[in-house]
Amino acid sequence: GFTGGADVWRELDGFWDGGPLIVLGDLNANPWTLEISSRDGLYALRRKDWPSRESAQLSGRARYAKPLYNPMWHLLPDRAEGAQGTFFFPDSDGDVRWHCLDQIILSNHFLDHVDMPAILTELGGISLLGKSGKPELSDHLPVQLTIHIGKVTSCKASEKC
C-alpha cells in the first residue's frame, strides 16, 4: 500500500491547527503518486483537481479536512524548462527518468498567492548540472517558490474569513 502520505498527514494532524501551512522536502514520491494525491494519502492536489466542495470526509480521519495544494505539478515534464524534475534516476523503469520528489505543498490559504515553482539548475551563475545534463553537486536539484505572504489570511480552516 501507499502509507507515506498518510504518515505525513498523521504528523501534520498532531500539530496543525488549520492555519496557513507549508510542507516542503524530499517526499520520495512524485506528485501524481497515490500516497501524495489520494484522499487516503496526503491529499495534496493540483489546482485543476481542486474539489468543488470546500471540505470532504477523508478515509480514516475523524474530522473534515481540506485538501492541500501541490503547485509542483507545474514542473512536470510536459511544461518544465531545463531539468524535467529534481532527481534523475537512470535505472528507472519505463520512460520516467526525472522525478519530482522534492515538493512544496501548501494549505489552501496560499492557493491564489503563489507564483509557480521553479527547479533551479544554477545558483549564483554556477551550473548545478554536469555536461550530461544530470545533477552534479547533489543528487537533487533545489526548488523555489515565491509566496505573496502579505495577501495570505491567517484564518484557520474551520473559520470563515
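No experiment lies behind these values; they were computed from the predicted model shown.

Asker: I tried to follow the pattern of salt bridges on my own but got confused; where do I start?
Answerer: Close approach of charged atoms allows side chains of opposite charge to pair. All chains considered together, the criterion is met by 2 salt bridges. With its nearest N and O atoms 2.6 Å apart, the salt bridge here joins D49 to R46. Accessibility expressed as a relative area gives 36% for D49, which makes it partly exposed. Here R47 and D112 are joined by a salt bridge, their closest N and O atoms 2.8 Å apart. One end of the pair, R47, is in the loop between β2 (44-45) and β3 (56-57); the other, D112, is in the loop between β8 (102-106) and β9 (118-119), with 65 residues separating them in the sequence. A relative accessible area of 43% means that R47 is categorised as partly exposed. Classification of D112 as exposed rests on a relative accessible area of 56%.

Asker: I would appreciate a short explanation of the packing of aromatic side chains in the present structure.
Answerer: The geometry of two aromatic rings is summed up by the distance between their centres and the angle between their planes. Evaluation of the coordinates by the stated rule reveals 2 aromatic pairs. Note on W50 and Y69: the rings are 6.4 Å apart at their centroids and 80° apart in plane angle, and the pair reads as edge-to-face. One end of the pair, W50, is in the loop between β2 and β3; the other, Y69, is in strand β5 (residues 68-69), with 19 residues separating them in the sequence. A relative accessible area of 22% means that W50 is categorised as partly exposed. With a centroid separation of 5.4 Å and an interplanar angle of 65°, the aromatic rings of F88 and W98 are classed as edge-to-face. Of the two residues, F88 sits in strand β6 (residues 87-88) while W98 sits in strand β7 (residues 98-99), which places them 10 residues apart along the sequence. In this arrangement the basic side chain of R46 is found over the ring face of W73, its NZ or CZ atom lying 4.2 Å from the centre.

Asker: I keep staring at the nonpolar core and nothing clicks. Help me out?
Answerer: Soluble globular proteins: nonpolar side chains tend toward being buried together. Within the largest apolar cluster, 18 residues are counted, with the highest numbers of intra-cluster contacts made by L106 and V114. When residues no more than four places from it in sequence are discounted, the contact partners of L106 are L21, I22, L68, Y69, P71, V114, L145 and I147. Ranked by size, the runner-up nonpolar core spans 12 residues in total, among them W9, L21, I36 and L68.

Basis of the calculations
- Residues numbered from 1 in each chain as written.
- Predicted model: local features only at pLDDT ≥ 70, side-chain atom pairs only at ≥ 80, totals over all residues.
- Heavy atoms only, no water.
- Salt bridge = Lys/Arg side-chain N within 4 Å of Asp/Glu carboxyl O.
- Buried < 20%, exposed > 50% of the residue type's maximum accessible area, 1.4 Å probe, protein only.
- Helix = DSSP H or I, 4+ residues; strand = E, 2+ residues; numbered from the N terminus.
- Phe/Tyr/Trp six-rings, centres within 6.5 Å; stacked < 30°, edge-to-face > 60°.
- Lys NZ or Arg CZ within 6 Å of the ring centre and 35° of its normal.
- Core = buried A, V, L, I, M, F, W, Y, C linked by side-chain atoms within 4.5 Å.
- Contact = heavy atoms within 4.5 Å.

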